[in-house]
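# Structural overview
What follows is the residue order along each chain.
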Amino acid sequence: MPRFTVHVRDEWLTVPCKDTSYTINWLGVEALKRYVKNKPDNGGIPQAKEVRFAARRCQGQGLLDADDIIEDVLEDNDFVELEIEGDTMSSDFIPSQPGMSYLTRPYREPSEYIFLDGSSLSSTDLVNLGRCRYKIKLTPEAEKKVEQSRELLDTIVKEKKVVYGITTGFGKFARTVIPISKLKELQENLIRSHSAGLGRPLSPERTRMLLALRINVLAKGYSGISLETLHNMIQAFNASCLSYVPEKGTVGASGDLAPLAHLALGLMGEGKMWSPKSGWADAKYVTASTHTPFISHPSGLALINGTQMITSLGAEAVERAESIAMQADVIAALTLEVLKGTTKAFDSDIHELRPHPGQKEVALRFRALLDSDHHPSEIAESHRFCDRVQDAYTMRCCPQVHGVVNDTIAFVRNIINTEINSATDNPMVFSERGETISGGNFHGEYPAKALDYLAIGVHELASISERRIERLCNPSLSELPAFLVNEGGLNSGFMIAHCTAAALVSENKVLCHPSSVDSLSTSAATEDHVSMGGWAARKALRVIEHVEQVLAIELLAACQGIEFLRPVRTTTPLEKVYDLVRSVVKPWIKDRFMSADIEAVHRLLVDQKVWNVAKPYIEKYCTELLPESRPSSPTAFSLDPPTSPRKRVRHE
């Protein structure tokens, strides 16, 4: 018999339906009858048939008409929300799609697998796992290590040895030995009590990354987790059955305890979970709808002790930072053309005298996009014999300013990739030595410091971009109409778009203050130095998003500047970038609603479409150079990191 799960106030109710030709109104009334059945005073609800309500399908939040036929609009085991008209008693209500924005990608079930062994996952792989590009399997070698580690742990328990977190309490209670009969309760209590986070939940993409990274660390075989539990976690990931993980609550040592506890809590069938079909709902209903088994014998510390929230968010930060850094070069090159700047400052001989890798890469990209021998520019030709000797720093010094951002990203990427494949548990279970050892690999100082550094470095792209926007909008600096619009006064053009860019840059200045310089003692001075890495990761992502948005405004402004230089044209690759922008945003003829334009171009940058347009031209330019002149770094013209040795197989 078909059944549906209906959310009324703070409860989820299962409603069987023997005839799907009934209406949505029948389903709502039936759910209300079940809700009031055991409530004092009927829960303050009058006769169910007299209640006015709205019904929404959890997946996609589509509004359902009361007269809709169930079989026409719902599938078996679908999730539905009831909103009672005038009701004020739904304080526990969680929207089906919290935190979703125009940047969120729709869910598509992947058809390929990635094999995890705990040693070869990259930040690129992790972000792709978050974006539903792959499902997960363990390598046979990883399964063997996990089993060996678990066998040692079982032996320790049977022999009644005292081992921290396995047969003892935690933190201040480390000296309290727990009877064997209560060890299961100990592990469950650990997860429940540590699920104390607050704030909005991580998005499904970020929760997938968090779960995938925890699986990868457990696959190393040093945690003592059972293979059955690890397989259950993998099954949950592959079904996109994801726990409700609040973004706040970690101090980054002893690991990300609160977020990882929430991650484990849902896998135990408690708290809230998300799936593509249900949206957010009670974990027991979501796991049932996805046929995901509960974790019945959790290994508490093995599930929650580690730096995986800091590191998974850090992986996304690194990937987005590298993407926007490369696209910043393309955007700045277009602005330089519009402002009729010179390319002399990008001469390779200049940069060989100060051979920082990032600086040389940026200068190379500028030459690839602006070199008149490869891509003649009518704009450049129009001012070839002007009396200007040199440009402002915001154009002339792009290789030096953008370059150090590239080198910063490379440094941080190395730390994040090391952390992704590190065992961060405590205690460590060394099956080959037959012993467990307590250590401090859970401390998040490495990724925390790196992500603070990343925020500081990447912010400079927005700082210098905002100054270029000013030059584009200021007629005394650009020789273009004020604020890039005709009939100034009647139209304001890019006046407030520039203000938005300035506001984001100013906000970044505060966000760039390092969180890792702070530490507060916790757990009765047992954990007396912490990293504050969770905030370092979250604010790094916020800084990077602001950088993307500022550069989106610059790209819009530069393309608008092109309109006033027509009919002359810029170089071929930059004309292609202009065409890409015009495919989503039309020229600014008179004032209109601008936020949508900024969001559309921001989407292009997040999807790396600006880079994808410019990349073939940069690669072609590089292949035509003499071998000794080619860049030494693989990131000079490639978004793709070195390939991983893991194999992938298509789902059959």
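Look a little higher up for the structure.
The model shown is predicted, which means the values in this text are computed figures rather than measured ones. (Residues numbered from 1 in each chain as written. Predicted model: local features only at pLDDT ≥ 70, side-chain atom pairs only at ≥ 80, totals over all residues. Heavy atoms only, no water.)

### A short note on the overall build of the protein
- Across its full length, the protein holds 23 helices and 15 strands.
- Taken over C-alpha atoms, the radius of gyration comes to 28 Å for the protein, in line with the 26 Å a tight globule of 652 residues would show.
- Once the C-alpha set of the protein is aligned to its principal axes, its extents read approximately 85 × 70 × 50 Å.
- In the protein, which comprises 652 residues, the proportion classed as buried is 55%.
- By element, 52% of the accessible surface of the protein is carried by carbon and sulfur atoms, the whole surface being about 28,200 Å².
- Of the side-chain charges in the protein, 73 are positive and 83 negative, and the distance between the mean point of each set is 2 Å. (Helix = DSSP H or I, 4+ residues; strand = E, 2+ residues; numbered from the N terminus. Rg over C-alpha atoms; globule rule 2.2 N^0.38 Å. Buried < 20%, exposed > 50% of the residue type's maximum accessible area, 1.4 Å probe, protein only. Areas by Shrake-Rupley, 256 points an atom, 1.4 Å probe, with all protein chains shown as cover. Lys, Arg positive; Asp, Glu negative; His and termini not counted. Charge placed at Lys NZ, Arg CZ, Asp CG, Glu CD.)

### Quick look at the nonpolar core
- With 155 residues, the main nonpolar core has Ile215, Leu451, Leu454 and Leu555 as its most contacted residues.
- If we ignore the near neighbours within four places in the chain, the residues touching Leu454 are Ala317, Val318, Ala321, Thr408, Ile409, Val412 and Ile544.
- Grouped together as the second largest cluster of nonpolar side chains are 23 residues, Val6, Val15, Ile24 and Val36 included. (Core = buried A, V, L, I, M, F, W, Y, C linked by side-chain atoms within 4.5 Å. Contact = heavy atoms within 4.5 Å.)

### As for the packing of aromatic side chains
- For the structure on display, the rule yields 7 aromatic pairs.
- Ring centres of Tyr244 and Trp280 lie 5.2 Å apart, and the angle between their planes is 75 degrees; on these two criteria the pair is classed as edge-to-face. Here Tyr244, found in the loop between strand S9 (242-243) and strand S10 (246-248), pairs with Trp280, found in strand S12 (residues 279-282); they are 36 residues apart in sequence, far enough to count as distant. The same class applies to Tyr244 as to Trp280, namely buried.
- Over the ring of Tyr113 we find Lys137, and its NZ or CZ is 4.5 Å from the ring centre.
- Across the ring face of Phe430, the terminal group of Arg433 is positioned such that the distance to the ring centre comes to 5.4 Å. (Phe/Tyr/Trp six-rings, centres within 6.5 Å; stacked < 30°, edge-to-face > 60°. Lys NZ or Arg CZ within 6 Å of the ring centre and 35° of its normal.)

### Here we look at the sheet that holds S12
- Strands sit in the order S9-S11-S12 across an open sheet of 3 strands; the sheet is antiparallel. Looking at strand neighbours, the two that pair on one side only are S9 and S12, the edges of this open sheet.
- Direction of pairing for S9 relative to strand S11 (residues 272-275): antiparallel, over a ladder of 2 bridges. In the sheet register, Ser243 faces S11, and the bridge partner there is Met273. (Pairing = 2+ DSSP bridges.)

### Things to note about helix H7 (residues 227-238)
- Helix length check: H7 (12 residues) gives 16 Å between terminal C-alpha atoms against 16 Å at 1.5 Å per residue, within 8%.
- Within H7, 9 of the 12 residues are buried, which leaves it mostly tucked inside the rest of the structure.
- Considered for burial, the residues of H7 that qualify are Leu227, Thr229, Leu230, Asn232, Met233, Ile234, Ala236, Phe237 and Asn238. (Expected span 1.5 Å × (residues − 1).)

### Some details on the pairing of S12
- By the bridge criterion, 4 bridges tie S11 to S12 in an arrangement that is antiparallel. In the sheet register, Ser275 faces S12, and the bridge partner there is Gly279.
- Remark: 3 residues form the turn of the hairpin made by S11 and S12, two consecutive strands paired antiparallel.

### Some remarks on the pattern of salt bridges
- Within the structure shown, the criterion is met by 30 salt bridges.
- A salt bridge links Arg365 to Asp329; its shortest N-O distance comes to 2.7 Å. Taken as a pair, Arg365 in helix H13 (residues 357-370) and Asp329 in helix H11 (residues 308-338) lie far apart in primary sequence, 36 residues in all. In this pair, the class of Arg365 matches that of Asp329, namely buried.
- When salt bridges that share partners are traced, they join Lys184, Glu188, Arg192 and Glu270 into one network. (Salt bridge = Lys/Arg side-chain N within 4 Å of Asp/Glu carboxyl O.)

### Examining H13
- Helix length check: H13, at 14 residues, gives a terminal C-alpha distance of 20 Å against a target of 20 Å (1.5 Å per residue), a fit within 8%.
- Within H13, 12 of the 14 residues are buried, leaving the element largely enclosed by the surrounding structure.
- Within the sequence span of H13, burial applies to Gly358, Gln359, Glu361, Val362, Ala363, Leu364, Arg365, Phe366, Arg367, Ala368, Leu369 and Leu370.
- Looking at the buried side of H13, the elements it contacts are H11, helix H12 (348-352), helix H16 (398-420), helix H21 (572-582) and helix H23 (609-623).

### Some details on the sheet that holds strand S2 (residues 11-16)
- Across the sheet, 5 strands lie side by side as S2-S1-S5-S3-S4; this open sheet has mixed pairing. Pairing within the sheet leaves two strands with one partner each, and these edge strands are S2 and strand S4 (63-64).
- As judged from the 6 bridges shared by strand S1 (residues 3-8) and S2, these two strands associate in the antiparallel manner. Within the sheet, the bridge partner assigned to His7 lies in S2 and is Trp12.
- The sheet contacts of helix H1 (residues 24-36) involve S1, S2, strand S3 (53-57), S4 and strand S5 (79-84), and relative to S2 the element is tilted by about 120 degrees. (Axes fitted to C-alpha atoms, helices over the stretch in contact; angles between N-to-C directions.)

### Considerations on the pairing of S1
- Burial of S1 is extensive: 5 of the 6 residues sit out of reach of the surface.
- Connecting S1 to the antiparallel partner S2 that follows it, the hairpin turn spans 2 residues, and Arg9 within it adopts a positive phi of roughly 55 degrees.
- Here 4 bridges tie S1 to S5, and the two strands are oriented parallel to one another. Across the sheet, residue His7 finds its bridge partner in S5, namely Glu81.

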